[in-house]
Amino acid sequence: MTGVGEPAGERLARAFLTRVLEPGDEAGGTWVRERGAEEVVRRLRGDGDALPGVTGRRWAGLLARAARAEPERDLAVAREAGVRFVCPGDVEWPGPLDDLGDARPLGLWVRGRPSLRMWALRSVAVVGARACTEYGAHMAATLAAGLAERGWVVVSGGAYGVDGAAHRGALAAGGATVAVLACGVDRPYPRGHTELINRIADQGLVVGELPPGDHPTQSRFVLRNRVIAALTCGTVVVEAAYRSGSLVTARAAQRLGRHTMGVPGPATSGLSSGVHELLRGEAVLVTDAAEVVELVGDIGELAPERRGPVLPRDLLEPDARRVLAALPGRRAAAVDEIAREGGTTKDDAIARLYELRALGYVERHGDDWKLTRQAMASLRAGRGPC
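None of these values were measured; they are calculated from a predicted model.

Asker: I'd like a rundown of the packing of aromatic side chains, residues and numbers included.
Answerer: Taken as a whole and judged by the stated rule, the model has four aromatic pairs. Ring centres 4.4 Å apart and planes at 35 degrees place the aromatic pair Phe85 and Trp109 in the tilted group. One end of the pair, Phe85, is in strand E1 (residues 83-86); the other, Trp109, is in strand E2 (residues 108-111), and 24 residues separate them in sequence. With a relative accessible area of 2%, Phe85 lands in the buried category. Ring centres of Tyr189 and Phe221 lie 5.9 Å apart, and the angle between their planes is 40 degrees; on these two criteria the pair is classed as tilted. Here Tyr189 is found in the loop between strand E5 (177-181) and helix H9 (194-203), whereas its partner Phe221 is found in helix H10 (residues 218-231), with 32 residues between them in sequence. Here Tyr189 falls in the partly exposed class, since its relative accessible area comes to 37%. Residue class for Phe221 comes out buried when judged on its relative accessible area of 16%. The residue whose ring lies beneath Arg130 is Phe221, and the NZ or CZ to ring-centre distance is 5.3 Å.

Now the structure itself:
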């Protein structure tokens, strides 16, 4: 259990503190940074004065929690469940989490074989509404599958809706995915996702700040989102209403200097209103995995250029296109008129008209020229004549 550069006493103290302090407790993070985890534990066990920055009532509550903490037991239960405790300073600790400052996790309980640090280096969060639409689930799964196929790790919260669709999309593509939970990683939540989270643990990683057996609360869900944002290179929000917890993840990502992206939805959909609000700010609009990778990836990982279908007339030389555009839509025209409208000479216009006739665009009517019926019909439909 002991990691490189992390004394056993410090590790035990941090495991103790995950049972006593709530995730993201900045006062507790300050104590650990300034005094060390072992000194904080000594104070919480009643040996010395109260630590600064908290009320007497809160300190009493922390002492009551500390009296029930059993870090040796938590570590033993974790081992039995195939869970390891990763601390700052360990080889596996993801450096980007340090950007959270005093709100950095005291440690992470990790279930699964891969290295969390290595996977975090090339990871993207895909988050969104729990009560998502079919469109949202489809976009989340498709994005995640595309990211996985490009060698990116998909990180989400294991919840119903967009989170679950993202995890399933990555797994279906044979890719890597990480679920960051707001509870003990040995007790999957929500219960309906037990099979999914167990599958993630078998093929990827399940991560959380809370010790074995601990339960989720509303505040823990919100605080969990900062870990998702910090752990990854960028966050994609697929569907989110104005008050969605997914927007908390996106705003945390923005504060941390991570890329923030949104998938547009119908303007009439309340479940896309929060995403659209993000897109009016600093978030970048994305529609597929290639566009996400272009933003978060290395230089050179560019999305393909977006354009409509290539039409036969697009393949014409520019001079021939100008002459074709100079022909009236519903009548024949003399060569002099066509040359004038096309901005060329009469001889050049005649040469181009014969080229266009060979391609089926125009036909000759005595000394005049006219678009063919096929050309007129296809041009109205936005297609070339063949």
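Next, the rest of the story.
Asker: Go over the sheet that holds strand E10 (residues 333-334), please, and point to the residues and values.
Answerer: Ordered by their spatial adjacency, three strands build an open sheet running E10-E12-E11, and the pairing between neighbours is antiparallel. The open sheet has two edge strands with one neighbour each: E10 and strand E11 (362-365).

Asker: Can you lay out the nonpolar core for me, pointing to particular residues and giving the numbers?
Answerer: The biggest cluster of nonpolar side chains holds 34 residues, and the ones touching the most others in it are Leu97 and Val178. Per-element accounting of this core gives the leading share, five residues, to H10. Each residue touching Leu97, except ones within four places of it in the same chain, is listed here: Arg104, Leu108, Val227, Ala230 and Leu231. One finds Leu143, Leu147, Met261 and Val293 within the second-largest nonpolar core, a separate group that totals 23 residues.

Asker: Go over the sheet that holds E5, please, and point to the residues and values.
Answerer: Taken in spatial order, the nine strands make up an open sheet running E1-E2-E6-E5-E4-E3-E7-E8-E9, and their pairing is mixed. Of all the strands in the sheet, just E1 and strand E9 (284-285) have a single pairing partner and so form its edges. One ladder, built from four bridges, connects strand E7 (residues 234-237) with strand E8 (residues 259-262); its direction is parallel. Its bridge partner being in E8, Val237 is matched across the sheet by Gly262. Here helix H11 (residues 245-255) sits on the sheet and contacts strand E3 (123-127), E7 and E8; the angle it forms with E7, its principal contact strand, is near 150 degrees.

Asker: Outline the UniProt feature "domain: Smf/DprA SLOG" (unreviewed entry) in the protein, listing residues and values.
Answerer: As recorded in UniProt, the feature "domain: Smf/DprA SLOG" (unreviewed entry) lies at residues 85-295. A helix fraction of 39% and a strand fraction of 16% characterise residues 85-295, whose end C-alpha atoms lie 32 Å from each other.

Asker: Let's hear about the pattern of salt bridges: which residues, and what values?
Answerer: Enumeration according to the criterion identifies 24 salt bridges in this entry. Where Asp336 meets Lys346, a salt bridge forms, and the shortest distance between an N and an O atom there is 3.9 Å. Note that Asp336 is positioned in helix H15 (residues 335-342) and Lys346 in helix H16 (residues 346-358), a separation of 10 residues in sequence. Residue classification places Lys346 among the partly exposed positions, given a relative accessible area of 45%. When the shortest N-O distance is used, the salt bridge between Arg364 and Asp367 registers 3.8 Å.

Asker: Describe helix H3 (residues 37-44), naming the residues involved and giving the relevant values.
Answerer: For H3, the set of buried residues is Ala37, Val40, Val41, Arg43 and Leu44. Along the axis of H3, the buried positions cluster into a sector of 160 degrees, meaning they face one direction only. Next to the buried residues of H3 lie helix H1 (8-20), helix H2 (26-35) and helix H4 (56-68). Of the residues one or two after H3, Gly46 is the one with positive phi, at around 90 degrees.

Cut-offs used in this document
- Residues numbered from 1 in each chain as written.
- Predicted model: local features only at pLDDT ≥ 70, side-chain atom pairs only at ≥ 80, totals over all residues.
- Heavy atoms only, no water.
- Phe/Tyr/Trp six-rings, centres within 6.5 Å; stacked < 30°, edge-to-face > 60°.
- Helix = DSSP H or I, 4+ residues; strand = E, 2+ residues; numbered from the N terminus.
- Buried < 20%, exposed > 50% of the residue type's maximum accessible area, 1.4 Å probe, protein only.
- Lys NZ or Arg CZ within 6 Å of the ring centre and 35° of its normal.
- Pairing = 2+ DSSP bridges.
- Core = buried A, V, L, I, M, F, W, Y, C linked by side-chain atoms within 4.5 Å.
- Contact = heavy atoms within 4.5 Å.
- Axes fitted to C-alpha atoms, helices over the stretch in contact; angles between N-to-C directions.
- UniProt positions renumbered as here; feature names shortened; annotations may be inferred.
- Salt bridge = Lys/Arg side-chain N within 4 Å of Asp/Glu carboxyl O.
- Arc of directions from axis to C-beta.

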